[in-house]
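A closer look at the structure
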Amino acid sequence: MRVAHDMGFQTGFLIMTTVEEVTGHATEGDGVRRRDFIFVATGAFGGVGAAAAAWTAIDQMNPSADVLALASIEVDLAPVAPGQAIKVNWRGKPVFVRNLVEKEIAAAKAVTLADLRDPQSLADRTKEGKENWLITLGVCTHLGCVPLGAAEGENRGDYGGYFCPCHGSHYDTAARIRKGPAPTNLEVPEYAFLSDTRVKIG
Amino acid sequence: MSFPWANQYKPQNPFMQWLDSRLPLPRLVYNSVGAGYPVPRNINYWWNFGALAGVALVVQIITGIVLAMHFGGNTLVAFDSVEHIMRDVNYGWLMRYAHANGASFFFIVVYIHIFRGLYYGSYKAPRELVWMLGVVILLLMMATGFMGYVLPWGQMSFWGATVITNLFSAIPLVGDSIVTLLLGGFAVDNATLNRFFSLHYLLPFVIAGVVILKIWSLHIPGSNNPTGIDVKGPADTLPFHPYFTAKDLFGLAIYLLIFCAFVFFLPNFLGHPDNYIPANPLSTPAHIVPEWYFWPFYAILRAFTVDFILPAKLWGVLAMFSSILLLFFLPWLDSSPVKSNRYRPLAKQFFWLLMVDLAILGWVGGLPAEEPYVRISQIASIYYFAHFLIILPIVSRIERPLPLPNSIAESVLGNDVNQAPAPAAQPAE
């Protein structure tokens, strides 16, 4: 400690703390030294700073502003005949727009909700009065493949809706999961009818 | 570390003496992979695969650095820049085929290296950390291999990336946010490709760092050997150089012959033709498969089709990751004091059953998710976990091992060991 005193370049602050350490003035009361407090405070301050810096390095991986800029699209339904479906690109993902036929609507309604993995009725998944228009994301809720069944002649699975070829998920005519590993029904995006033949997605 | 009878580094050249007292790098090399590292004299050709894995890593790093000079990590140019490498860049085709097949060959030698460790009990005390660092390397290799496969931006690249990143969406509550964070968007896109390129360049150097830790940890007890018994004296070992450097070089020559046969004559045999179709976010290939070296794990992922408390998807993801993380606990799951399966009649049979099981898992993992393959993958997955969690712990308790030889030297030389005194076994310097 005497060495520290002799070193002319030591700041007064450091000399003061070393004197306290030697003389024991600061250890009165609860036994916490002034230096202990400085250690913890410095460590905590540095830790918060490091965490804040680390967050910028992690958050840069999140979607950038141009990706986030919301895009909505308008789709013309006129060319979609009953029984047909089209695929449109929305925010980099496919959306299935399907014109259900009577038989498919009846099949979707005939299911007991309690038997479903993700219980939702056809009415929950379509707009009132437009229940022939089934609009869902074409993204399997298992691991994100595009299910088959939207294009002509594709495998529609055991329940006549969509079939995901990647891991064998079967969706019914309300795009509800019926068999296979997918946990939930195909997601219904936010959309609104602008007229009888135009719909705005997003 | 090492054994007391290890050769000592004694530089004769004055410059080497000068260097040794200032930066003893040649001494480190001498003691690590030179004459200063005593190796059990009885190690067989299955011990070549560690060195081969090291060579495979170096080949990947060199060819990879070259490819990065010509590749563009952007969705607009990635696919075309790979074709540019194939058609326009001098020897670009060679670099790409060597890199693509080199990844497969890296996994081949690493898998054989792991199976050798399983058979001869190399994961047991005192080499638990050597084994665990190896599992870390395997995980890093898988991440690197997966991200590398995305870079050419073909259909399998895109949909493989979609499926694998969506695995994380199975995590409750925060899953979707994590997927968005990993992708840098709501679907696999330019941000994803760009960051995968960055990380694919980084991870091989991380692997190289872990390899150094692994060799360091290995050289404390020294290498295991086919008898699994410990080194007891100088008669049991030979210096790494020249004996095993020569043996490794011979094995390397054979390895390179087979590697070159693939690079030059079957360059696309291990790849998937769909990856020569540019990525299309609106159309999933009829049958998505990862690279062959992921098939056993992919089969485990797809084996879960029924919800049971947790969703089937989460079970599949947990099982797939557990199938590898399980290996971290292997040194404690197998409590038999005998290391080598050569002296474990029961464990040896189950080892081969596990090999058959892994072959079945690999086979169904590359097939469509249809019956009967789903059922087969379920049975094979159950057996995989049963092997490590039930069979091995029980076998290691009830098994009656065969008598062990008294020493490595005796197992090699029989009773002649007494006529071949230790010093004679050491080479002249």
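Look up a bit, the structure's there.
Quick caveat, the model's predicted, so the values are computed rather than measured. (Residues numbered from 1 in each chain as written. Chains lettered and ligands numbered in written order. Predicted model: local features only at pLDDT ≥ 70, side-chain atom pairs only at ≥ 80, totals over all residues. Heavy atoms only, no water.)

1. Some points on the overall build of chain B
- Scanning chain B for helices and strands turns up 17 helices and two strands.
- For 429 residues, the compact-globule estimate of 2.2 N^0.38 gives 22 Å, and chain B sits close to it at 24 Å.
- In terms of overall dimensions, chain B has a C-alpha envelope of 75 × 60 × 40 Å along the principal axes.
- Looking at the 429 residues of chain B, the share that counts as buried comes to 53%.
- Sequence separation of 24 or more characterises 80% of the internal contacts of chain B that already satisfy a separation of 6 or more. (Helix = DSSP H or I, 4+ residues; strand = E, 2+ residues; numbered from the N terminus. Rg over C-alpha atoms; globule rule 2.2 N^0.38 Å. Buried < 20%, exposed > 50% of the residue type's maximum accessible area, 1.4 Å probe, protein only. Contact = heavy atoms within 4.5 Å.)

2. Topic: the pattern of salt bridges
- Evaluated as defined, the whole model comprises 15 salt bridges over all chains.
- With a closest N to O distance of 2.8 Å, Glu 131 of chain A and Lys 109 of chain A form a salt bridge. With Glu 131 of chain A in the loop between α6 (122–125) and β4 (133–137) and Lys 109 of chain A in helix α5 (residues 102–109), the pair connects residues that are 22 residues apart, well separated along the chain.
- In this structure, Arg 344 of chain B engages Glu 399 of chain B in a salt bridge whose closest nitrogen and oxygen atoms are separated by 2.9 Å. With Arg 344 of chain B in the loop between α13 (330–333) and α14 (345–365) and Glu 399 of chain B in the loop between α15 (373–398) and α16 (408–413), this residue pair connects regions lying 55 residues apart in the sequence. (Salt bridge = Lys/Arg side-chain N within 4 Å of Asp/Glu carboxyl O.)

3. Observations concerning the interface of chain B and chain A
- Facing 31 residues of chain B, the contacting portion of chain A comprises 27 residues.
- Where chain B abuts chain A, roughly 2300 Å² becomes buried across the two surfaces, and 65% of that area is made up of carbon and sulfur atoms.
- Taken together, chain B and chain A are joined by zero salt bridges.
- One can count eight residue pairs in polar contact (both at pLDDT 80 or more) joining chain B with chain A.
- Elements represented by at least two residues in the side of chain B that touches chain A include exactly α7 (155–166), α8 (175–183), α11 (295–302) and α12 (312–325) of chain B. (Buried area = accessible area lost by both parts, 1.4 Å probe. Polar contact = N/O pair within 3.5 Å; in protein donor to acceptor, adjacent residues only side chain to side chain.)

4. Points about the sheet that holds strand β8 (residues 191–195) of chain A
Residue and element names in this part refer to chain A.
- Pairing in this open sheet of three strands is antiparallel, and the strands run β1-β9-β8 from one edge to the other. The open sheet terminates on both sides in strands that have one partner only, identified here as β1 (73–76) and β8. Recorded for the sheet is a direction-independent mean angle of 30 degrees between the axes of neighbouring strands.
- The pairing of β8 with strand β9 (residues 198–201) spans four bridges and is classified as antiparallel. (Pairing = 2+ DSSP bridges. Axes fitted to C-alpha atoms, helices over the stretch in contact; angles between N-to-C directions.)

The analysis is restricted to geometry; functional conclusions fall outside its scope.
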